[in-house]
Amino acid sequence: MKKQRPVNLDLTTISMPATAKASILHRITGVAFFFALTFVIWAWSESLSSPEGFQFVKELMSGFIAKFIAWGSLTALSYHIIGGIRHMIQDMGCWEELESGNNSAKVALALWVITAILAGVWIWS
């Protein structure tokens, strides 16, 4: 019995619609933010431990790598919230049609790009 399954699963050759990209990105940002929280919780804990700890975190956060991590954390959080709101609206029965689903995914991605740029401006200014 020969199974009729796809042989080529190279994701770079598969054209995914905006809804698939938005859904996958929602999952990725959820995982990324989970791991980013380890840095955030550590920084909060260290900064509250003593005046020296606060000064250490303050100096650490002035470096490029720390600012990049903070930007990545805010970016992951912002998309996860935007995607979550989109999914909640879909759970209520809206934007379930193909066209409205694609449009809502494109709007969510566009809003995410805008919030990522604004977060970068806020962190690096």
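Just so it is clear, the structure is predicted and the values come from calculations on it, not from any experiment.

A. Inspection of the packing of aromatic side chains at higher detail. This structure, assessed with the given rule, holds eight aromatic pairs. The interplanar angle of 90 degrees and the centroid separation of 6.2 Å between the aromatic rings of Trp42 and Phe56 together place this pair among those described as edge-to-face. Linking Trp42 in helix H1 (residues 18-49) with Phe56 in helix H2 (residues 51-60), this pair joins segments that are 14 residues apart in sequence. Assessed through its relative accessible area of 41%, Phe56 is described here as partly exposed.

B. Expanded view of a nonpolar patch on the surface. On the surface, Leu74, Leu77, Ile81, Ile85, Met88 and Trp122 cluster together into a nonpolar patch covering about 600 Å² of accessible area. Counting residues per element, the nonpolar patch draws most heavily on helix H3 (residues 64-91), which supplies five residues. Position of Met88 among the secondary structure elements: in helix H3. Overall, the relative accessible area of 53% leaves Met88 in the exposed class.

C. Representation of the packing of H1 against helix H4 (residues 98-124) within the structure. Relative orientation of the contacting elements H1 and H4 amounts to 50 degrees, with a least axis distance of 8 Å. Taken as axis vectors, H1 and H4 run oblique relative to one another. Crossing hand, H1 versus H4: left-handed. Along its contact with H1, which presents Ala18, Thr19, Ala22 and Leu25, the element H4 presents Gly101, Asn102, Ala105, Lys106, Leu109 and Trp112. Taken together, the residues that form the contact of H1 with H4 break down as six nonpolar, three polar and one charged.

D. Highlighting H1. Spanning 32 residues, H1 covers 45 Å between terminal C-alpha atoms, matching the ideal 46 Å at 1.5 Å per step. Where H1 bends most, the angle comes to about 25 degrees, and this point is Ala36. Inspection of H1 places Ala18, Ala22, Ser23, Leu25, His26, Thr29, Phe33, Ala36, Phe39, Val40, Ala43 and Ser47 among the buried residues, and these make up the whole buried set. Next to the buried residues of H1 lie H2, H3 and H4.

Each value, and the rule that gives it
- Residues numbered from 1 in each chain as written.
- Predicted model: local features only at pLDDT ≥ 70, side-chain atom pairs only at ≥ 80, totals over all residues.
- Heavy atoms only, no water.
- Phe/Tyr/Trp six-rings, centres within 6.5 Å; stacked < 30°, edge-to-face > 60°.
- Helix = DSSP H or I, 4+ residues; strand = E, 2+ residues; numbered from the N terminus.
- Buried < 20%, exposed > 50% of the residue type's maximum accessible area, 1.4 Å probe, protein only.
- Patch = residues over 30% accessible without salt bridge, like charges linked within 9 Å, V, L, I, M, F, W, Y side chains within 5 Å.
- Areas by Shrake-Rupley, 256 points an atom, 1.4 Å probe, with all protein chains shown as cover.
- Salt bridge = Lys/Arg side-chain N within 4 Å of Asp/Glu carboxyl O.
- Axes fitted to C-alpha atoms, helices over the stretch in contact; angles between N-to-C directions.
- Parallel < 35°, antiparallel > 145°, perpendicular 65-115°, else oblique.
- Left-handed = near helix turned anticlockwise from the far one by under 90°.
- Contact = heavy atoms within 4.5 Å.
- Nonpolar A, V, L, I, M, F, W, Y, C, P; charged D, E, K, R; others polar.
- Expected span 1.5 Å × (residues − 1).
- Bend = angle between axes of the 7 residues up to and from the residue.

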